[in-house]
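Survey of secondary and tertiary structure
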Amino acid sequence: MYLCISFCGLKPTSSDAWSEKYCKQYIYTAHEKVGVALPSGGSVLMRSIQLRVKITFVVLTRAMQSKWIRGRITFSSNPFISLFFAIPILLCSPLACGSSSQDLDVRISFDLCRGEREFLDMRKKIASRALKKTLGLPEEPKKDEIPVVAVVGSGGGMRAMTAFYGNLSGLQQLDLLDILMYMCGISGSTWCLSKLYKDPHWSHNDLQDAISVARKLVTSSKVGAFSAERLVYYFQQLVLLEKEGRKVTLTDLWGLIIEYFLQQKQDPSKLSDQQSAVRWGQNPFPIYAAVNVKPNVSSHEFTEWCEFTPYEFGTHKYGAFIRIEDFGSEFFNGLLLGKRLEPRICFLQGIWASAFAANLDEIWEEVISSKVGFLESLKDAIKTLDPLQLEKRMVMPGGAFSHLFQDLFKSRFSAGENINFMRGLYLHRDYVNAKEFVAWKGTHQDAFPNQLTPMEHSLYLIDGVFSINSPFPLVLQPERDVDVILSFNYSWEAPFEVLHQAQKYCEEREIPFPHIVVSETDKQKPKECYMFVDDRNPKVPIVLHFPLVNNTFQKYKAPGVERETEDEKSFGNFPVEGEKSPYHSMNFTYQPNEFDRLLELSRYNIMNNKEAILKALTLGMKRRVLKNAKRK
């Protein structure tokens, strides 16, 4: 048993200058005497570095039963400065000593959370009935015979959002939505998911209603996002975040802009609200992807996948998770130090699709060369504002807006900077043997214990597309035990790149994944659907991959139904990529005909490959039985 007492304060850089935060930690075994006096009242004098610190304990009653001893620090060298502090009393982190984590506010475990486990129990009953009907089985499969099917949607802005609606609509028309266990999105795909899951029964309602709403938003003008009224609203919201103690970043502004794109009004919803959409297993379980990076390290060299679900935020790499309601709150040593309100979902959308998280100069070059007007309009709007005069005109406190907009086009790095909830937790020295860590690469960040994420003050969360433009890592966790993956790819002119990236990711971590082999012919002219299977190993998931291509759709308006009239032929004849395509990632507004074409194409590509999907499901059931037999 361990007792851990931490003193937190500021570290002096000179005799009278205080700046850098530090924490001094004392750890005692149960057989040692605690060397820190805890008087019933009064004060204790301590010498810290070169300054005398007077610590007055203000909460001492039943101290050993509470999580914190709170107090105030005053400095003899400067009586005008005082610091409030808290001394956490806790069992040493299970990451370090293997103790129980029941008393911690951070869940330390690789297992699925309780909410997700309960969801799976209920969802499998629904999936069992759906499989019997769809595959024409004589009876409903048993619980351990049901394949775990996951959908992964790639990024691609409005292109991804629109096509994802079409793919899901195709699955609904084939009565396949109830077979799905997981629905995982990244970047633009998360816009589709986050809108769908506002309806607790979306997969059992006609998706055409949700599609009609999305169509109206995608085809509407985005100029209103930069009106004077909207800019004032952004300012107010950013100041509120700053007052709550959050570090306001570019992704927060981007999230507010996305809010207008997707709602055209304030959206009060939070991710935890989506618990009502999975509480009874009535819809697939949604997972939203992001990656944690380091400001001075390329995302090609180091990323850590993080997941957002209606129940939790965390990272499987460290086996550390917090309640989604506590995202953005302050933690230390596994305990909740400062509770903050759960952020509205638009601020999470800003992280999930943070197109600005890369080098801004490079993004500007791409935007200018693509001749897309959206971001140029934003630049012009900001140029018309005088940051120094803005507060005078608005008569508002705070400087978040002016500081943010003043540096908007100068920063070399931008990410959603959040308090690191793992701070103060320490890994066991044998962490290098864990497969999630790439410590065997001598130059990788994982090889240096003092550079591991729990040692960092902040998490820098960005769009997962800067690692892999599809959230494969989140559904490949062994605890989720996925058998079949439906991969919907909306990448721009890169139909197979996500598969090769996922394969490399899995090889480095010894995660089962099929070997990806694509012929030169397919690279030049991709088909609508590909199945990748490892016949020898049932632990390897079946991947059914759908590139975004316009092949047979040009000739057929529905599977087996040819186009006849000139209007029908014209409707099906359009490019989904290339210079003449309207679906570039930086285009946020489509013409009604452009939306309809992309939606119908995506729906058709699913329905036209019904047999491939049913084959994958049947094979997935057989492999599930084999997998379970080997475990026994």
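Structure: see above.
Everything in this summary refers to the structure shown in the same document. (Residues numbered from 1 in each chain as written. Predicted model: local features only at pLDDT ≥ 70, side-chain atom pairs only at ≥ 80, totals over all residues. Heavy atoms only, no water.)

Turning our eyes to something else, we now look at the environment of Gln 524. Here Gln 524 lies in helix H15 (residues 520-524). Classification of Gln 524 by relative accessible area gives exposed; the value is 65%. Separated by 29 residues in the primary sequence, Gln 524 and Pro 495 place their C-alpha atoms 9.8 Å from one another. (Helix = DSSP H or I, 4+ residues; strand = E, 2+ residues; numbered from the N terminus. Buried < 20%, exposed > 50% of the residue type's maximum accessible area, 1.4 Å probe, protein only.)

Take Glu 562: it is sitting in strand E22 (residues 561-562). With relative accessibility at 42%, the residue Glu 562 sits in the partly exposed group. Taking the C-alpha atoms as reference, Glu 562 lies 9.6 Å from Thr 552; in sequence the two are ten residues apart. Apart from the residues lying within four places of it in its own chain, the contact partners of Glu 562 are Lys 555, Tyr 556 and Lys 557. (Contact = heavy atoms within 4.5 Å.)

Turning our eyes to something else, we now look at the packing of helix H3 (residues 157-173) against helix H5 (residues 207-218). In the contact formed by H3 and H5, the axes pass within 11 Å of each other and the chain directions differ by 165°. Viewed along their axes, H3 and H5 adopt a mutual orientation that is roughly antiparallel. Crossing of H3 against H5: the hand is left-handed. Facing H3, whose interface residues are Met 158, Met 161, Thr 162, Tyr 165, Leu 168, Ser 169 and Gln 172, H5 presents Leu 207, Ala 210, Ile 211, Ala 214 and Val 218. Classifying every residue of the contact of H3 with H5 by side-chain character gives nine nonpolar, three polar and no charged. (Axes fitted to C-alpha atoms, helices over the stretch in contact; angles between N-to-C directions. Parallel < 35°, antiparallel > 145°, perpendicular 65-115°, else oblique. Left-handed = near helix turned anticlockwise from the far one by under 90°. Nonpolar A, V, L, I, M, F, W, Y, C, P; charged D, E, K, R; others polar.)

Turning next to the packing of aromatic side chains. The description of two aromatic rings rests on the distance between their centres and on the angle between their planes. For the structure on display, the rule yields 26 aromatic pairs. Judged by centre distance (6.1 Å) and plane angle (50°), the ring pair of Phe 164 and Tyr 490 falls under tilted. Here Tyr 490 lies in the loop between strand E18 (484-488) and helix H14 (497-509) and Phe 164 lies in helix H3, a separation of 326 residues in the sequence. No difference in accessibility class separates Phe 164 from Tyr 490, as the two residues are buried. Taken together, a centroid distance of 5.9 Å and an interplanar angle of 75° make the contact between Trp 254 and Phe 588 edge-to-face. Pair noted here: Trp 254 is in helix H7 (residues 250-263) and Phe 588 is in the loop between helix H16 (566-572) and helix H17 (592-607), with a separation of 334 residues, a long-range link. Side by side, Trp 254 and Phe 588 carry an identical accessibility label, which is buried. Through a chain of ring-to-ring contacts, three or more aromatic side chains come together here, namely Tyr 288, Phe 308, Phe 313, Phe 327, Trp 352 and Phe 421. The ring of Phe 261 carries the charged tip of Lys 222 above its face, separated from the ring centre by 6.0 Å. Taking the ring centre of Tyr 505 as reference, the NZ or CZ of Arg 509 above it sits at 3.9 Å. (Phe/Tyr/Trp six-rings, centres within 6.5 Å; stacked < 30°, edge-to-face > 60°. Lys NZ or Arg CZ within 6 Å of the ring centre and 35° of its normal.)

Honestly, it's all geometry; don't read function into it.
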